[in-house]
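Architecture and fold: a report
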Amino acid sequence: RETRFTVVEGLLKRLPAEAHRARAFVDDLFMAVGEELVEEFDETAELLAAENLDALAERFVKIEETLFPERVGVVRATMRAAKGEQKEALAELTRLATVDNAEQRFLAINSLARLEQFELAAEQLYASSAFFEQHGGFDHDVAELAVGLAGEQVAAAHKRKLADLAEKFLALANERSEEA
């Protein structure tokens with residue numbers, strides 16, 4: 001494992017310095033490796049933490065956050081949850097669910113749902129709906145997350161709000177695609 005980490009950490013230094021070029025490279029790389037490997041990558045920090053391999057989990061968090069800057073904080077929080085630091089992880093994800101970076105905010109709320117904190121995720125998604133509407137680009141994601149949360153064990157009041165939210169963001173997605 002040490003050799004593999006050392007190689008990857010060395011390669012990270014060779015990423016293009018310009019953010020847009022680095023992002024294009026990472027996007028191309030992950031499209032080439034396929035969805036199954038991407039899913040495994042997304043869970044690696046958590047799996048390492050769950051196996052009490054804390055030093056490797058920390059190193060992997062740094063790798064993931066370097067490749068995907070929008071995940072800064074989110075990956076560390078989910079890794080902490082896997083280590084059993086649930087309270088701290090939820091506090092950090094709740095904080096990140098209010099930041100000004102739309103991608104980071106969405107990932108934090110989605111991570112709350114992945115950690116089966118459905119009520120909290122529903123509350124944060126609903127509280128962020130105006131923010132996502134203003135920032136655009138998340139219409140389908142918000143609608144999909146709202147539908148997914150509505151299907152989970154959430155209060156009846158949340159189910160109705162989530163269904164309305166999903167409907168609203170699907171309509172927004174249609175409007176925006178017609179304008180384009």
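First things first, this report covers the structure right here in the doc. What you see is a predicted model; the values in this text were computed from it and never measured.

**Quick look at helix H8 (residues 118-127)**
- Restricting attention to buried positions, one finds in H8 the residues Phe 118, Ala 121, Ala 122, Gln 124 and Leu 125. Down the axis, H8 shows its buried residues gathered within 170 degrees of arc, on one side only.
- On its buried face, H8 sits against helix H6 (86-96), helix H7 (102-114), helix H9 (129-135), helix H10 (139-150) and helix H11 (156-179).

**Side note on the environment of Glu 43**
- Tracing the backbone shows Glu 43 in helix H3 (residues 35-50).
- Sequence-wise, Glu 43 and Met 79 are 36 residues apart; in three dimensions their C-alpha atoms are separated by 8.9 Å.

**A short note on the pattern of salt bridges**
- All chains considered together, the criterion is met by 16 salt bridges.
- A salt bridge links Glu 70 to Arg 23; the shortest N-O distance between them is 2.7 Å. You can see Glu 70 sitting in the loop between helix H4 (54-67) and helix H5 (74-82) and its partner Arg 23 sitting in helix H2 (residues 19-33), a full 47 residues away along the chain.
- A relative accessible area of 27% means that Arg 23 is categorised as partly exposed.
- Two residues, Asp 164 and Arg 160, come together in a salt bridge whose shortest N-O distance is 2.5 Å. Linking Asp 164 with Arg 160, this pair stays in helix H11, spanning 4 residues, or about one helical turn.
- A residue is classified by how much of its surface remains accessible, and Asp 164, at 39% relative accessible area, is partly exposed.
- Via salt bridges that share partners, Arg 23, Asp 27, Glu 70 and Glu 103 belong to a single interconnected network.

**Quick notes on H6**
- Of the positions making up H6, those classed as buried are Ala 89, Leu 90, Leu 93 and Leu 96. Down the axis of H6, the buried side of the element spans an arc of 125 degrees, and every buried residue falls inside it.
- Looking at the buried residues of H6, the elements they touch are H5 and H7.

**Quick look at the layout of surface pockets**
- There is about 750 Å³ of room inside the largest pocket.
- As for the largest pocket, its lining consists of 23 residues, of which Val 8, Phe 41, Phe 60, Ile 63 and Leu 67 are closest to the centre.
- Elements supplying a minimum of two residues to the lining of the largest pocket: helix H1 (2-12), H2, H3 and H4.
- Its residues assigned to classes, the lining of the largest pocket shows 17 nonpolar, 1 polar and 5 charged.
- Its volume calculated, the second largest pocket comes out at about 650 Å³.
- In terms of lining residues, the second largest pocket is bounded by 23 residues, among which Asp 42, Glu 64, Arg 71, Leu 107 and Asn 110 are the most central.
- Every element with two or more residues in the lining of the second largest pocket is listed here: H2, H3, H5 and H7.
- Residue contributions to the lining of the second largest pocket peak at 6 residues, all from H7.
- Split by residue class, the lining of the second largest pocket holds 8 nonpolar, 3 polar and 12 charged.

**Concerning a negative patch on the surface**
- On the surface, a cluster of negative charge is contributed by Glu 35, Glu 36, Glu 39, Glu 40 and Glu 43.
- Structurally, the position occupied by Glu 36 is in helix H3.

**Examining a nonpolar patch on the surface**
- There is a patch of nonpolar side chains on the surface, built from Phe 25, Leu 29, Val 33 and Leu 37 and spanning about 330 Å² of accessible area.
- Looking at the nonpolar patch, the element that brings in the most residues is H2, giving 3 residues.
- Summarising the element assignment, Phe 25 is placed in helix H2.
- Note on Phe 25: relative accessible area 43%, which makes it partly exposed.

**Notes on the environment of Ala 143**
- Relative to the helices and strands, Ala 143 resides in helix H10.
- Since its relative accessible area comes to 3%, Ala 143 is described here as buried.
- Placed 20 residues apart in sequence, Ala 143 and Ala 163 show a C-alpha to C-alpha distance of 8.5 Å.

Cut-offs applied
- Residues numbered from 1 in each chain as written.
- Predicted model: local features only at pLDDT ≥ 70, side-chain atom pairs only at ≥ 80, totals over all residues.
- Heavy atoms only, no water.
- Buried < 20%, exposed > 50% of the residue type's maximum accessible area, 1.4 Å probe, protein only.
- Helix = DSSP H or I, 4+ residues; strand = E, 2+ residues; numbered from the N terminus.
- Arc of directions from axis to C-beta.
- Contact = heavy atoms within 4.5 Å.
- Salt bridge = Lys/Arg side-chain N within 4 Å of Asp/Glu carboxyl O.
- 1 Å grid on protein atoms, 1.4 Å probe; cavity = no way out; pocket = protein on both sides within 12 Å on 5 of 7 lines; lining within 4 Å.
- Points joined across faces, edges and corners; volume = space filled by probe spheres on them.
- Nonpolar A, V, L, I, M, F, W, Y, C, P; charged D, E, K, R; others polar.
- Patch = residues over 30% accessible without salt bridge, like charges linked within 9 Å, V, L, I, M, F, W, Y side chains within 5 Å.
- Areas by Shrake-Rupley, 256 points an atom, 1.4 Å probe, with all protein chains shown as cover.
- Lys, Arg positive; Asp, Glu negative; His and termini not counted.
- Charge placed at Lys NZ, Arg CZ, Asp CG, Glu CD.

Any functional reading would require information beyond the geometric quantities listed.
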